[in-house]
Amino acid sequence: QVENCLFRFGGAGNNGMALATNTSSPTIANSDFSDSYYGINLTNQAAPTVTNVRFSNMSRAPIGMELNTSPSLSNVVIDLPSGNTYDGIEITDGNVSGSAVLSPAPAIYGGAPTHCLSYFTNQNITVDAGETLAVNAGVVLKFMSSRHLAVNGTLLAMGSPGDTGAIYFTSIDDDNAPDPTGQDTNTNGNDTFPDSSDWGGIRFGGTSTNACELSYS
């Protein structure tokens, strides 16, 4: 367990990560991360609990995670301006192995509570035949330029009515997602605006299953 700690200028020899979890499930609470590439990086089925943790001045993003990890995230604190290059959770490996689940990450963003800090990715996400990606109600997933979600297995995106239940698949430039307050995930203010050709969409292949469902997305 890690609690009431300050992590600064970390990551030498570890690609700029102040704290890396690999196949482990630590609890990280009531701590501050600053001045690293990622504050926390999750790989290889890591399942940490992260709560009441503040991130600032990250040269990439507060958290990086592979899709085969399953963190429990709550009260992730992003003050504005944060000094982070991206104010979100970056999906660093888009290959679904077996099954993967994306769940909302409640946060304090700019001093106000939000039901989900945005996930974002500069990877194509691929769900192979026989694999399953579940995107839970309330998740916000933003894609960088031309990136897409390819489904050859099963996609379950089961949202619910309302702003906090809907699932957002959108552009990294969409500062209005999630409603009603929005999040400037790429931290560039009004320098960019979303456009119809920003990302590559969701693509269902010939081996995608009849179990694929999209609702309130």
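Each residue is numbered by its place in its chain's sequence as written, counting from 1. Local features in this predicted model are restricted to residues of pLDDT 70 or higher, and side-chain atom pairs are both shown and tallied only at a pLDDT of 80 or more, whereas totals for entire chains, interfaces and linings draw on every residue. Values reported for side chains reflect all heavy atoms of the structure, with hydrogen atoms and water molecules removed beforehand.

(A) Spatial organisation of the overall build of the chain. In terms of helices and strands, the chain carries zero helices and 22 strands. Taken over the C-alpha trace, the chain has a radius of gyration of 16 Å; the compact-globule value for 217 residues is 17 Å, and the two agree within 12%. Overall, the chain is about 50 × 40 × 30 Å in size when its C-alpha atoms are taken along their principal axes. Throughout, exposure labels follow a simple rule: accessible area from a 1.4 Å probe, protein chains only, divided by the maximum for the residue type, with under 20% read as buried, over 50% as exposed, and the rest as partly exposed. Considering the chain as a whole, with its 217 residues, one finds that 49% of them fall into the buried category. Whether two residues touch is decided by their heavy atoms; if any such pair falls within 4.5 Å, the residues are in contact. In the chain, the proportion of contacts linking residues at least 24 apart, taken out of those at least 6 apart, comes to 60%. Summing over all exposed atoms, the chain offers an accessible surface of approximately 9,300 Å²; the carbon and sulfur share of this is 45%. When charges are counted, neither His nor the chain ends are considered; positive counts come from Lys and Arg and negative counts from Asp and Glu. A charged residue contributes its charge at one atom only: NZ of Lys, CZ of Arg, CG of Asp or CD of Glu. Seen as two clouds, the 6 positive and the 20 negative side-chain charges of the chain have centres 5 Å apart. Helix and strand labels come from DSSP, where a helix needs a run of H or I of at least four residues and a strand needs a run of E of at least two; each type is numbered from the N terminus. Radius of gyration: over C-alpha atoms. The globule rule applied is 2.2 Å multiplied by the number of residues raised to the 0.38 power. What sets the accessible areas is the Shrake-Rupley method with a 1.4 Å probe; for residues, cover comes only from the shown protein chains.

(B) The side chain of Thr170, seen in detail. You can see Thr170 is positioned in strand β20 (residues 168-171). Among all residues touching Thr170, those that are not within four sequence positions of it are Leu141, Lys142, Phe143, Ala177 and Trp199.

(C) Main features of the nonpolar core. Put simply, a nonpolar core is a bunch of buried Ala, Val, Leu, Ile, Met, Phe, Trp, Tyr and Cys residues held in one set by side-chain atoms that sit within 4.5 Å of each other. One finds Phe33, Ile40, Phe55, Tyr119, Leu133 and Leu149 to be the most contacted residues of the largest nonpolar core, which totals 45 residues. In this view, Phe33 contacts Phe7, Ala18, Leu19, Ile28, Gly39, Ile40, Val53, Arg54, Phe55, Ser56 and Met58; residues no more than four positions away in its chain are not counted. The next biggest cluster of nonpolar side chains, apart from the first, holds seven residues, and it includes Ala61, Tyr86, Met144 and Ile172.

(D) Just the packing of aromatic side chains, in detail. Note on aromatic contacts: the rings of Phe and Tyr and the six-membered ring of Trp form a pair at centre separations within 6.5 Å, being stacked when their planes are under 30 degrees apart, edge-to-face when over 60 apart, and tilted otherwise. Summed over the entire model, instances satisfying the criterion amount to five aromatic pairs. Ring geometry for Tyr37 versus Tyr38: centroids 5.0 Å apart, planes at 80°, classification edge-to-face. With a relative accessible area of 36%, Tyr37 lands in the partly exposed category. Residue Tyr38 is classed as buried on the basis of its relative accessible area, which comes to 7%. Pairwise contacts between aromatic rings join Phe7, Phe33 and Phe55 into one cluster.

(E) Fine view of unusual backbone geometry. That bond from Leu80 to Pro81 is cis: its omega, -5°, falls within 30 degrees of zero. Across the junction of Ala177 and Pro178, the peptide omega takes the value 0°, indicating a cis bond. With respect to the element layout, Pro178 can be found in the loop between β20 and β21 (202-204). Positive phi outside glycine occurs at Asn44, with the angle close to 55°. Along the chain, the position of Asn44 falls in the loop between β5 (38-43) and β6 (49-56).

(F) Representation of the environment of Ala20. Here Ala20 is to be found in strand β3 (residues 17-22). In sequence terms Ala20 and Asn75 are 55 residues apart; their C-alpha atoms lie 19 Å from each other.

(G) View of the sheet that holds strand β7 (residues 61-66). We call two strands paired when DSSP finds no fewer than two bridges between them. If you trace the seven strands from one edge of the open sheet to the other, you get β3-β5-β7-β9-β14-β17-β20, paired in parallel fashion. Each edge of the open sheet is held by one strand with a lone partner, namely β3 and β20. Within this sheet the neighbouring strands show an average axis-to-axis angle of 25°, counted without direction. Axis angles are defined between N-to-C directions and span 0 to 180 degrees, where every axis is a line fitted to C-alpha atoms and, for a helix, only to the segment in contact.

(H) Highlighting the pairing of strand β17 (residues 140-143). Residues Val140 and Lys142 line one face of β17 and the alternating positions Leu141 and Phe143 line the opposite face, and both faces are buried. Here strand β14 (residues 119-121) runs beside β17; their pairing, made up of three bridges, is parallel. Along β17, the bridge assignment pairs Phe120 with Lys142. In the sheet, β17 pairs with β20 via four bridges, with the strands oriented parallel. Each bridged residue has a counterpart across the sheet, and for Leu141 the counterpart in β20 is Phe169.

(I) Spatial organisation of the environment of Leu19. As for its placement among the helices and strands, Leu19 is situated in strand β3. Along the chain, Leu19 and Leu42 lie 23 residues apart, while their C-alpha atoms are 8.8 Å from each other.

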